[in-house]
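# Reading the structure
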Amino acid sequence: MSNEKKGKDLLIGAIVGGILGAATALLFAPKSGRELRSDIAEQAQAVSDKTVQIATNVSQKTQEVAKTVSTTTSELYGKAKDTAVNVVDSVRSWKESKSDEELDSPEEEVSEAAEDLVILGNR
């Protein structure tokens, strides 16, 4: 990860250095005021266009990530809900089947119910 950070820092430094170098070159170039203002306006427009392009890309990526997270969350919610419904149904059917007869081994029944939960959770 430190290599990625160093690469990003280097890229940011190169961009900032390039912008500062371009501004310095414009200000110290032997041009008339009108030409200098025109060059500055052109450079400002280029930077503005590039900023809009980057902002658009970031916005699109953010929307894609949000959609992916939403889809994944919905799927996980559905699985959890189905598992909970199955557990409730299993407990109800277990209670109904045991209501007429006495429990021989409650530990064994609880163990079986836990195994069912694990199986349902892995689906």
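Residues numbered from 1 in each chain as written. Predicted model: local features only at pLDDT ≥ 70, side-chain atom pairs only at ≥ 80, totals over all residues. Heavy atoms only, no water.

### Observations regarding the overall build of the protein chain
Let me state the cut-off plainly: For the purposes of this entry, the term helix denotes a DSSP run of H or I that reaches at least four residues, the term strand denotes a run of E that reaches at least two, and both are numbered from the N terminus. Residue burial considers only the protein chains on display, and all accessible areas are found by Shrake-Rupley using a 1.4 Å probe.
The helix and strand inventory of the protein chain stands at three helices and zero strands. When the helices and strands of the protein chain are read in sequence order from the N terminus, they spell out α-α-α. Just so you have it, the protein chain exposes about 10,500 Å², and 60% of that area is on carbon and sulfur atoms.

### Quick notes on the confidence of the model for the protein chain
The condition that has to hold: A residue's pLDDT is the confidence the predictor assigns to it, expressed on a 0 to 100 scale.
The share of residues in the protein chain with pLDDT of 70 or more is 76%, and the mean pLDDT across the chain is 79. Of all secondary-structure elements in the protein chain, the lowest mean pLDDT belongs to helix α3 (residues 106–121), at 65, while helix α2 (residues 33–99) reaches the highest, 86.

### Notes on the side chain of D39
Short version of the rule: Note on classification: 1.4 Å probe, protein chains only; a residue is buried when its accessible area is under 20% of the maximum for its type, exposed when over 50%, partly exposed between these limits. Contacts between residues were defined by any pair of non-hydrogen atoms, one from each residue, lying within 4.5 Å.
Looking at where D39 falls in the secondary structure, it is placed in helix α2. Overall, D39 belongs to the buried group, its relative accessible area being 16%. Setting aside chain neighbours within four positions, we find D39 in contact with L26 and K31.

### Describing a nonpolar patch on the surface
Note the following rule: Patch building starts from residues that exceed 30% relative accessible area and form no salt bridge, then joins like charges within 9 Å and nonpolar side chains (Val, Leu, Ile, Met, Phe, Trp, Tyr) within 5 Å. Salt bridges are defined as contacts in which a side-chain nitrogen from Lys or Arg sits within 4 Å of a carboxyl oxygen from Asp or Glu.
A cluster of nonpolar side chains, namely L11, I15 and I19, defines an oily patch on the protein surface of about 290 Å² accessible area. For I19, the location among the structural elements is in helix α1 (residues 2–28).

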